[in-house]
Every structure is written in structure tokens, then in C-alpha cells.
Amino acid sequence: MNIRVKKLPVLLLVLPLSFLTACTTIGDDASGDAAVEDRTSGAGADGGQNGEGYEGQTGGYSESGMSGQSMSGDPLSDPNSPLSIRTIYFDYDSTMINSEGQSALNAHAEYLSLNPDKQIIIEGHTDERGTREYNLSLGERRGRAVADFLSASGVPGQQMEVRSYGEENPVALDHNESAWQLNRRVELLY
Amino acid sequence: MQQSKLISRTSLFLSLIFYLLLPGQNTHAVLEVEIKGGFQSANPIAIVPFAWSQSGGAPEDIAAIVRADLARSGIFSPLGLNQLPARPKLGESVNFSRWKNTQAEQLVIGSIADVGQGRYEVKFKMFDIFSGQEILGYRYNVTHKNLRRAAHQISDKIYEKLTHTRGAFDTLIAYVVVNNNVDAKKRVYTLAVADSDGYDEQIILKSRKPIMSPAWSPNGKRLAYVSFEKDRSVVYVQELKSGKRKLLAQFKGINSAPRWSPDGQRLAMTLSKDGNSEIYVMYIASGVLQRITNHYSIDTEPAWAPDGRSLIFTSDRSGKPQIYQIPVNQQGRAGNPKRLTYEGNYNSRASFSPDGKFLVLITREQGKFRVANLELATRYLQVLTRSKLDESPSFAPNGKMVLYATELRGRGILEAIAVDGSNSPQRLRVLSGDVREPAWSPYRSQ
């Protein structure tokens, strides 16, 4: 934790704005974009309240976009934080969370434990293969697998809500394996 | 005998005014089309464009609608316009020797006339070409709006006369259309109802969030469906005529897969309020809920047996999705589930044929998801399609065709196929956007 906090301000200075916005296009729900807006609106309600070790600061960046900007205090809005990973991908017909997903979820578990006022929606999705209603249940099973992981890492159940969209909300519309890989996912919505 | 049967049926299910032409005409030389598994040749039939003698063009090409209906059934192959040796009119004598040179076994001649006050008279007669005898004749008096429906009723009359099975052309289909924008926020989902050939679309619901699983009430007057407009799946029941709807199930977790009981009083559905997907039955008037399954696996996609005494459902309790059957009664669960499918490692979303002898379902074959027909007595599973991503199969109310969604060149489309696999899939009218989740209505009664 301490290491990350020390590194952050340095990294932030060199991040162009375009990268910040590019990171957040996957969310398909307005609530998924809330963290983006926090960034430019300066110190949000959470600034400095989260025990994360740094104060919220008023944002501002130069017209050229070359120099860095400062962040609000919440690491949720930090694109370099593991918390910026909000999508966990799955193998076909599987609810196994791979090591990449696990390390992201460990960060979310820590954050949620330290911020008991934060809620997340855990949204399960599948690819288009198979029948829709079965996939709706499969999406929920994926969401539940993530919730179980977070729960085992100490996140109380009342901070989490599992929802499923099954195959109804794809992020990639092609009918091939590369699209299916992107669609088999769980999204974490703060 | 034949005619009295026809008369009694007409009074049963038609709102339109029509009656037999030339009652008393006898019908001996009926050429029957046997509907059995494996028949190869469709019955050639000639349908002459319906005569229109008033100014302007005819308000509707009735013959074209009938031709398309009969061709879609797979049982008939209507002659093309250029194959017709003549265009006889009703009331004129027909030179049958000319028609004997065609492949056709029957000849249909009709007319349409504006009779004022916005109404039209549509008449037709069907002749057996071999004997030259008239074997069927009806007259309809309809508004402009009901001309297409009259055409579907003509198709039904012809179909029933020649196959001795009630036609299902004068029926409706419900489906969901989405303009599949990459940006989920720009997607628009439409729940719509159209004639069985995809025409005369009426919009039931438009939403920015997904809509799933439309299911017809047994009287055809209401639809149950799943909508995500509250950002999660909940079940609504909507009356088609008034548009009035009721939020029926919004429990914690999934609320999905509503299916009406044959008595119309209950909905089977999938709820995950108790932890994971289980089958429940809800009494619609009171909201009384009965839990039917209890297993840590996924149980979903319930469907009623036609006698209402059991439910089938998809469960992956064996590791992969398969179809199970469980007895139910008025009090809920009435026995233990029994597995019905063993062939292949993915069988899902089954529904019963109207006679209860078959299940149509989605099966996975070499990684492809296809429509298959399972004969319950023999457990013979016949794969009907050759496509890759089939979904949501449902029977026509006469049990002779299956309607399903599939994907063609990246687009969702609807197809229908004869349930005995005797013809190739028939594409329904291509509508804009991705079409999915079709459900075939019961017979229309009014």
C-alpha cells in the first residue's frame, strides 16, 4: 500500500489526459463512468477521507496536454492503480478467475474493506454462444464467483450486488473467438 | 361431412365475415398430402393472381401472400408466375387440359373487389386439376387493414383442405429487435409482434436496455417478457390490446424465462433469489410462489407439458446443460426430476410440441448450436438446421413448423423450418436490425 501511494504522484505527472479517458471506455453503464468525472471535478466527496494517505487536490492541466495533472485523492480514479482494472475475463463456459483477475480483485477487496461506505455492482456477462436464458444464469454464476472471491478476501456481502446481463450486453459485436473473449467478463461498477 | 366440419370451425376462430361458396358441392377427388417424416417432394400448386377490375392497382397481392405462406410450410411448392399457362377468372370455365401440362395438382383462382365503405370482398376457389372439380371455396368481407389477414386465412383453408391439419398462417409471432450499436448506450431494443410471415409489425415496447424471452399467454392476449429497464432482469406481463402491464417478478437476483401454464393461471420462471437459478411457478393473480427445483447447479428455461402436469427445464447438474422433466401439480412440485437428453454435451431451451410427443431444443454439434427435434418415445434426436448460432426455437401451434433465431452474415434473423426436416430453412422477412427471441403465438381466436 505504502509503495503504491509513494509512486502515484510521480506517475501521474507524466500521464497525458488522453490515456486517462481511453482507459474508461469499457463501462457500458453510466455509473461505470462516475470515476472519470471525479478526476476533473477536483476533490470529490471522497477526497482525503479514505485513509489512502494523500489529500485530494484540485485538478488542472495545461492546454497543450503535455504536462501532467493532479488527481483527486481516491485511487479509484487512478489509472495506474490495480483498481483501474474493472473487467475480469473468463474462459469459455468457465467461472474460474485467472491469476490476472485475482490480483485485480485482491486490490478491490482491500479497497472495499478499507472503504465500507463504497458499494459495487458485480455484473456478469457471457459470449453469445448457447441459449440466452441459460447464459443469463451463467453470467450470474460468473458474477457470484467474483463476489465469493471478494467475500473470501473480507468484503462484507452488503457492499456487493451481483447482477447478470448474460449475453445481452456484448462489448464486441463480431461473431468470432476474439469478440467472444472480450464478452466473457465480469464488470465491477462502483 | 367435410363441409359441415369446415363450417363449424369457421365459426370458432374467425372474426371476419365469410361463408362457403356453393354449399352442397361434393368433394371426392381430394389429393392428400401425407405429412410423414421423410417425404421429399412438395406438392406443386398453382395460385393465379387474384383478379382486380377496378381503377388503380389491387390494394394487396393476396395470391403472392398465399404463395409465400404455402412455400414457407415446406409442404407446397407454388408455381411461379411464369409457369402459369393462363390466368382464368372466377366464374369463367377453366380449360383444365392446359393445367394438366403443369406440375400443379391444384389450381386456386380468386378475386378482390372494393365494395365501398373501406371494405373489400375477397373470393377464391380451389380446383383439383386432375378431375376439374371445385374442392374449396370461400368469400371474405374485410377492411383494408385485414386484407393480409384474409390472405393468411385463405392459406390456412388450403393447407387444412390438403393436409387435414389445421393451418397456422393466421397467427402472430413476437420477437425482439436491436440496432446493435457497438456503443451499448446507443442500442435500442424493441419488442414487437407481427403476422407469422413477419409483416404488419406492431411495437409492444421500446427500451434502451435489453428485452428478452417474450412468451404468449395461452389465449394470445398477453405477453410475458423480461426487461432490463431497471438495470437488471425483471418479469413483466403486458396486455397486448391496452398496452397495460404489470411488474410480476423483481426479486433479488435473476428474474427470467417466464412461460405460461396451459391453463393461463401460472407462470413458470427462473429466479435466483435464494442463491442460484431455480425454477419457480407463480400464480399470476395472487403472486403465490412455488419453488420447483432445488439444486446448486443452474436450473432455467422452464417449459410446460401441454397437459400442464410437468415442466421441462435446462440444468447443468450433470456438468453440462441437459433437459430434465419434473412433475408439478396445483400445489407445486410433485416428484423428482428425470433427465430426458443424453445425446451430446449441450442440450438446452426445450419446448414441447402441441401433441406432447416431441421437444424442440438447441443442441451443440461440433461447436455449433443447432435446432433439433427430440422424439420422446424413441429418444431420437434429429438435428434440423446446419447453422452455427441458433437460438429460441418454438413450435407453430399446429406443431408442423419450428421458428427460431439464427445469425446470417453477422446479423440476427428469424427462420422457420418444417419439423420433420423435409425442407430447408425458410427465412422470414428481413427486418432492420438484429432480430432475436421469436415466439410463435397460439391460434388466434376472436
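Structure: see above.
Residues numbered from 1 in each chain as written. Chains lettered and ligands numbered in written order. Predicted model: local features only at pLDDT ≥ 70, side-chain atom pairs only at ≥ 80, totals over all residues. Heavy atoms only, no water.

A.B. asks: How should I be thinking about the environment of B:Pro438 in this particular structure?
C.D. replies: Residue and element names in this part refer to chain B. By the element assignment, Pro438 lies in strand S31 (residues 434–440). Note: C-alpha distance between Pro438 and Met212 (226 residues apart in sequence) is 9.7 Å. Here Pro438 is in contact with Ala174, Tyr175, Ser392, Ser394, Leu403, Tyr404, Ala405 and Leu414, once residues within four sequence places are set aside. (Helix = DSSP H or I, 4+ residues; strand = E, 2+ residues; numbered from the N terminus. Contact = heavy atoms within 4.5 Å.)

A.B. asks: Any chance you could explain helix H4 (residues 147–163) of chain B here in plain terms?
C.D. replies: An α-helical segment advances 3.6 residues per turn. Residues three or four places apart therefore align on the same side. All names here are of chain B. Here H4 is 17 residues long and its end C-alpha atoms lie 24 Å apart, about the 24 Å a rise of 1.5 Å per residue gives. Burial within H4 is extensive, with 17 of its 17 residues counted as buried. Once H4 ends, the next one or two residues include His164, with phi positive near 60°. (Expected span 1.5 Å × (residues − 1). Buried < 20%, exposed > 50% of the residue type's maximum accessible area, 1.4 Å probe, protein only.)

A.B. asks: Explain the interface of chain A and chain B to me, please; I cannot follow it from the model alone.
C.D. replies: Frequently, the measure chosen for interface size is the accessible area that the parts lose on association. Taken residue by residue, the interface counts 31 residues in chain A and 47 residues in chain B. Carbon and sulfur atoms make up 51% of the area that chain A and chain B hide from each other, which totals about 3100 Å². The largest contributions to the chain A side of the interface with chain B come from A:Arg132, A:Glu133 and A:Tyr134, which together make up 23% of the buried area. Summed over the shared surface of chain A and chain B, the number is 6 salt bridges. A salt bridge links A:Glu133 to B:Arg349; the nearest nitrogen and oxygen atoms lie 3.3 Å apart. Summed over the shared surface of chain A and chain B, the result is 21 residue pairs in polar contact (both at pLDDT 80 or more). Elements supplying a minimum of two residues to the side of chain A that touches chain B: helix H5 (132–152) and strand S3 (160–166) of chain A. With 9 residues, H5(A) is the single largest residue contributor to the side of chain A that touches chain B. Grouping the amino acids of the side of chain A that touches chain B by side-chain chemistry returns 9 nonpolar, 7 polar and 15 charged. (Buried area = accessible area lost by both parts, 1.4 Å probe. Salt bridge = Lys/Arg side-chain N within 4 Å of Asp/Glu carboxyl O. Polar contact = N/O pair within 3.5 Å; in protein donor to acceptor, adjacent residues only side chain to side chain. Nonpolar A, V, L, I, M, F, W, Y, C, P; charged D, E, K, R; others polar.)

A.B. asks: In this structure, what is going on with the packing of aromatic side chains? I would like to understand it.
C.D. replies: Two numbers describe a pair of aromatic rings. These are the distance of the centres and the angle of the planes. This model, assessed by the stated rule, comprises 12 aromatic pairs over all chains. Between B:Tyr159 and B:Phe169, the aromatic rings sit 5.6 Å apart at their centres with planes inclined by 85°, giving edge-to-face as the arrangement. Linking B:Tyr159 in helix H4 with B:Phe169 in the loop between H4 and strand S7 (172–178), this pair joins segments that are 10 residues apart in sequence. Given the relative accessible area of 6%, B:Phe169 is considered buried. With 5.8 Å between their ring centres and 25° between their planes, B:Tyr225 and B:Tyr236 make a pair best called stacked. One end of the pair, B:Tyr225, is in strand S11 (residues 222–227); the other, B:Tyr236, is in strand S12 (residues 234–239), and 11 residues separate them in sequence. Residue classification places B:Tyr225 among the buried positions, given a relative accessible area of 0%. The buried category is assigned to B:Tyr236, whose relative accessible area is 6%. Clustering of aromatic rings is evident, with ring pairs tying together A:Tyr134, B:Tyr346 and B:Phe369. Seen from the ring of B:Tyr443, B:Arg166 lies directly overhead, with NZ or CZ sitting 3.6 Å from the centre. Positioned above the aromatic ring of B:Tyr236, the side-chain terminus of B:Arg245 is 3.8 Å from the ring centre. (Phe/Tyr/Trp six-rings, centres within 6.5 Å; stacked < 30°, edge-to-face > 60°. Lys NZ or Arg CZ within 6 Å of the ring centre and 35° of its normal.)

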